[in-house]
Amino acid sequence: MNTVPAPLLAVENLCVDYHVRVDGQRAWLHAVSDVSFQLAGGQSLGIVGESGSGKSSIARALLRLVPAAAGRVYFEGQDLLQLSGRELRRMRRDLQLIFQDPLASLDPRMSVGDTVGEPLRMFEPALSAAARSARTTAMLEAVGLSVQHLHRLPHEFSGGQAQRIAIARALITRPRLLVCDEPLSSLDVSIKSQIANLLMQLQRELGLSMVFISHDLAAVRFACSHVLVLYLGRVMELAARDPLFSAAGHPYTRALLRAALPRAPRPARARAHVGLSGEIPSALRPPSGCVFRTRCAYAVERCAREQPALRRVADSLVACHRAEELAAEPPLATLAG
Ligand code: SF4
């Protein structure tokens, strides 16, 4: 009998809440609500959505940089949320994070060599100084820097070079999972594709799994095998890349694609092909029923009453009461191709 391999990462019903003050009153902001997904070894999952959709809260909760209010995060079968501080520190070798602003994530007083080599001191203390230096140099070369950069400080580098240093530091211990939180958004357009290419190349060479958080749909399409679409902390759609980009099932996904493709031809009958209008509502006061209903061209009375469950429609998991009707409409002229 064939057995299905366990996923590397399995997130179940993850919730992240923040205690905030509004008009002098304490309130709970539900940043992430009931989010579930799985990631197999070597796969990459893009998490997309507008600002305020909860993408970064998921990234941080996966690595316990913010507490989860509920849910489970299994990494190789172990629930990360239940690990002691010591167990978690050991596990960090296999779980690394790259932040949006590379310069802010690097210690300004540490040389590049010390920055990149420091995780080896932590996780492989038996390595000799010579072996550590050789690994550090090899890693710098793998990200397109050189031995001449070893003794320089972070402020001497451009944003793209600083992100290369952050990637080298994150990957030097050969982690199994890399969480990238908007790794391209602070970079110049000309540098973005270089860093995206570098991440893809290293992912292939090292067999990495990746959670890639971005609002850049073109980058996600380039970098990811699967895509999760988030709105107000809830999953709207989860699918493999090709079906999502060629036949998106959720009105929000279609609107995001449309916004990324302002000049794409618009099929005559498809209301879901209109772009996004208005602002994302406050997570402090989310709409009743479907949280997307205040901006949805398809909303009907049921949408205000009933929260749609995530269910399989065609090749996607979609949280929409009218997903079957949308599936029958002509697909958006897409980013594909
Ligand atoms: Fe639009 Fe209703 Fe579907 Fe929500 S459930 S996306 S409001 S049609």
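Structure: above.
Quick summary incoming for the structure in this document. (Residues numbered from 1 in each chain as written. Predicted model: local features only at pLDDT ≥ 70, side-chain atom pairs only at ≥ 80, totals over all residues. Heavy atoms only, no water.)

1. Focus on the sheet that holds strand β4 (residues 70–75)
An order of β2-β1-β4-β5 is seen for the 4 strands of this open sheet, with the pairing classed as antiparallel. Strands with a single pairing partner mark the edges of an open sheet, and in this sheet they are β2 (25–39) and β5 (78–79). Across 5 bridges, strand β1 (residues 9–22) lies against β4 in antiparallel orientation. Bridge pairing in β4 links Ala 10 to Tyr 74. (Pairing = 2+ DSSP bridges. Helix = DSSP H or I, 4+ residues; strand = E, 2+ residues; numbered from the N terminus.)

2. Some remarks on the pairing of β2
Alignment of β1 against β2, held across 11 bridges, turns out to be antiparallel. Its bridge partner being in β2, Asp 17 is matched across the sheet by His 30. What sits between the antiparallel neighbours β1 and β2 is a turn of 2 residues, in which Asp 23 has the positive phi angle 50°.

3. What to know about the sheet that holds strand β9 (residues 226–231)
Read across the open sheet, the 8 strands follow the order β6-β7-β8-β3-β9-β10-β12-β11; overall the sheet is mixed. Lying at the two open borders of the sheet, with one neighbouring strand each, are β6 (95–98) and β11 (311–313). Averaged over all adjacent pairs, the angle separating strand axes in this sheet is 20°, with direction ignored. Sheet topology note: the β6/strand β7 (residues 177–181) ladder contains 4 bridges and is parallel. Counterpart to Gln 96 in the pairing with β7 is Leu 178. Along the sheet, helix α1 (residues 55–62) makes contact with β3 (44–48), β7, β8 (209–213) and β9, crossing β7 at roughly 150°. (Axes fitted to C-alpha atoms, helices over the stretch in contact; angles between N-to-C directions. Contact = heavy atoms within 4.5 Å.)

4. Focus: the site of the ligand
Every residue close to the ligand is listed here: His 250, Pro 251, Cys 290, Arg 293, Cys 296, Tyr 298, Ala 299, Cys 303, Pro 308, Cys 320, His 321 and Arg 322. Split by residue class, the shell around the ligand holds 8 nonpolar, 2 polar and 2 charged. (Near = heavy atom within 4 Å. Nonpolar A, V, L, I, M, F, W, Y, C, P; charged D, E, K, R; others polar.)

5. Focus on unusual backbone geometry
We note that Arg 64 has phi near 60°; this positive angle belongs to a residue other than glycine. Relative to the assigned elements, Arg 64 resides in the loop between α1 and β4. In this structure Arg 64 comes out as partly exposed when scored by relative accessible area, which is 29%. Non-glycine residue Glu 182 carries a positive phi angle of around 50°. Its location among the elements puts Glu 182 in the loop between β7 and α7 (189–206). Classification of Glu 182 by relative accessible area gives buried; the value is 8%. (Buried < 20%, exposed > 50% of the residue type's maximum accessible area, 1.4 Å probe, protein only.)

6. Some remarks on helix α5 (residues 129–142)
End to end, α5 covers 20 Å across 14 residues, agreeing with the expected 20 Å (1.5 Å per residue, within 8%). Looking at α5, one finds that the buried residues are Arg 132, Thr 136, Thr 137, Met 139 and Leu 140. Considered in projection along α5, the buried side chains sweep an arc of 160° and stay on one side of the axis. Looking at the packing, one finds that the buried side of α5 touches α4 (112–123) and α6 (159–171). (Expected span 1.5 Å × (residues − 1). Arc of directions from axis to C-beta.)

7. Let's talk about the pattern of salt bridges
According to the stated counting rule, one finds 15 salt bridges in the structure shown. For Glu 124, the salt bridge goes to Arg 93, with nearest N and O atoms at 2.9 Å. Remark: Arg 93 occurs in the loop between α2 (85–91) and β6 and Glu 124 occurs in the loop between α4 and α5; sequence separation between them is 31 residues. Judged by its relative accessible area of 15%, Glu 124 falls in the buried class. Note on Arg 93: relative accessible area 26%, which makes it partly exposed. The salt bridge partner of Glu 325 is Arg 322, with a shortest N-O separation of 2.6 Å. Overall, Glu 325 belongs to the partly exposed group, its relative accessible area being 42%. (Salt bridge = Lys/Arg side-chain N within 4 Å of Asp/Glu carboxyl O.)

8. Overview of the nonpolar core
Membership of the largest hydrophobic core comes to 59 residues, with the highest contact counts inside it found for Ile 167, Leu 178, Leu 199 and Phe 212. Not counting chain neighbours up to four residues away, the residues in contact with Ile 167 comprise Ile 98, Val 143, Ile 195, Leu 198, Leu 199 and Leu 202. In terms of nonpolar packing, the next biggest core, distinct from the first, is built from 35 residues, Val 35, Ile 58, Val 73 and Leu 81 among them. (Core = buried A, V, L, I, M, F, W, Y, C linked by side-chain atoms within 4.5 Å.)

9. A closer look at the packing of aromatic side chains
Scanning the entire structure with this criterion turns up 3 aromatic pairs. Judged by centre distance (4.6 Å) and plane angle (65°), the rings of Tyr 231 and Tyr 252 are edge-to-face. Of this pair, Tyr 231 sits in strand β9 while Tyr 252 sits in helix α10 (residues 251–260), placing them 21 residues apart in sequence. Take Tyr 231: its relative accessible area is 0%, and that puts it in the buried class. Overall, Tyr 252 belongs to the buried group, its relative accessible area being 0%. With a centroid separation of 5.0 Å and 85° between ring planes, the pair formed by Tyr 231 and Phe 292 is classed as edge-to-face. In this pair, Tyr 231 is assigned in strand β9 and Phe 292 in the loop between α10 and α11 (301–305), connecting sequence segments 61 residues apart. Across the pair, exposure class does not vary: Tyr 231 and Phe 292 are buried alike. Through successive ring pairs, a cluster of aromatic residues spans Tyr 231, Tyr 252 and Phe 292. (Phe/Tyr/Trp six-rings, centres within 6.5 Å; stacked < 30°, edge-to-face > 60°.)

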